[in-house]
Amino acid sequence: MSFGDVYKSVLKEYPDVMSVEEVSKALGVSDKTVYRLLRENKIEHILMGRKYRIPKAHLLSYLRLYSN
């Protein structure tokens, strides 16, 4: 499955900037796992106050980098 296919089939329904809960649902992992990935800077993100926001483009970059 190409990244275009992933975007079209999985991520298209999500907003361009996603919350931790949306990322965890899209990846099929727990919120705790997403928080760990963010703290380890494996997924680029924006910290707005105390809330993480993850642009969809950064999530796709993470998937491309760590899918091997």
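Up top is the structure these notes are about.
Side note on unusual backbone geometry
For Asn41, which is not a glycine, the phi torsion comes out positive at approximately 55°. Mapped onto the elements, Asn41 comes out in the loop between α3 (31–39) and β2 (46–48).

Some words on the environment of Lys56
You can see Lys56 is positioned in helix α4 (residues 56–66). In the structure, Lys56 is positioned 42 residues away from Tyr14 in sequence and 8.2 Å away in space, judged by C-alpha atoms.

Side note on the sheet that holds strand β3 (residues 51–55)
If you trace the three strands from one edge of the open sheet to the other, you get β1-β3-β2, paired in antiparallel fashion. In the strand order of this sheet, the two ends are held by β1 (17–18) and β2, each with one partner. With three bridges joining them, β2 and β3 adopt antiparallel strand pairing. Bridged to Met48 within β3 is Lys51. Here α4 sits on the sheet in contact with β1 and β3, set at roughly 75° to β3.

A look at the side chain of Ser19
Within the element layout of this structure, Ser19 appears in the loop between β1 and α2 (20–27). Non-local contacts of Ser19, meaning those with residues more than four positions away in its chain, are made with Tyr52, Arg53 and Ile54.

Comments concerning the nonpolar core
Formed by 15 residues in total, the largest nonpolar core has its most connected members in Leu38, Ile43, Ile54 and Leu59. Put simply, the parts of the chain that give this core at least two residues each are α2, α3, β3 and α4. Ignoring anything within four residues of it in the chain, the contact list for Leu38 reads Val20, Ile43, His45, Tyr52 and Ile54.

Quick notes on the pattern of salt bridges
On inspection of all chains with the given rule, the structure shows three salt bridges. Two residues, Arg36 and Glu40, come together in a salt bridge whose shortest N-O distance is 3.5 Å. The structure contains a network of salt bridges with shared partners spanning Arg36, Glu40 and Lys42.

Conventions adopted
- Within any chain, residue numbers begin from 1 and follow the written order of that chain's sequence.
- A pLDDT threshold of at least 70 governs which residues receive local features in this predicted model, and a stricter bar of 80 or more applies before side-chain atom pairs are shown or counted, although totals over entire chains, interfaces and linings include all residues.
- Hydrogens and waters are ignored; side-chain quantities use all the structure's heavy atoms.
- A run of H or I in DSSP counts as a helix once it spans at least four residues, and a run of E counts as a strand once it spans at least two, with each numbered from the N terminus.
- Pairing between strands is defined by DSSP: at least two bridges between them are needed.
- Residue contacts are defined here by distance: any two heavy atoms, one from each residue, within 4.5 Å place the two residues in contact.
- A fitted line through C-alpha atoms serves as each axis, taken over the contacting stretch for helices, and the angle formed by two N-to-C directions is quoted from 0 to 180°.
- We define a nonpolar core as any set of buried Ala, Val, Leu, Ile, Met, Phe, Trp, Tyr and Cys residues linked to one another through side-chain atoms lying within 4.5 Å.
- Three exposure classes are used, based on accessible area relative to the maximum for each residue type with a 1.4 Å probe and protein chains only: buried under 20%, partly exposed in between, and exposed over 50%.
- The salt bridge criterion pairs a side-chain nitrogen of Lys or Arg with a carboxyl oxygen of Asp or Glu, the two atoms within 4 Å.

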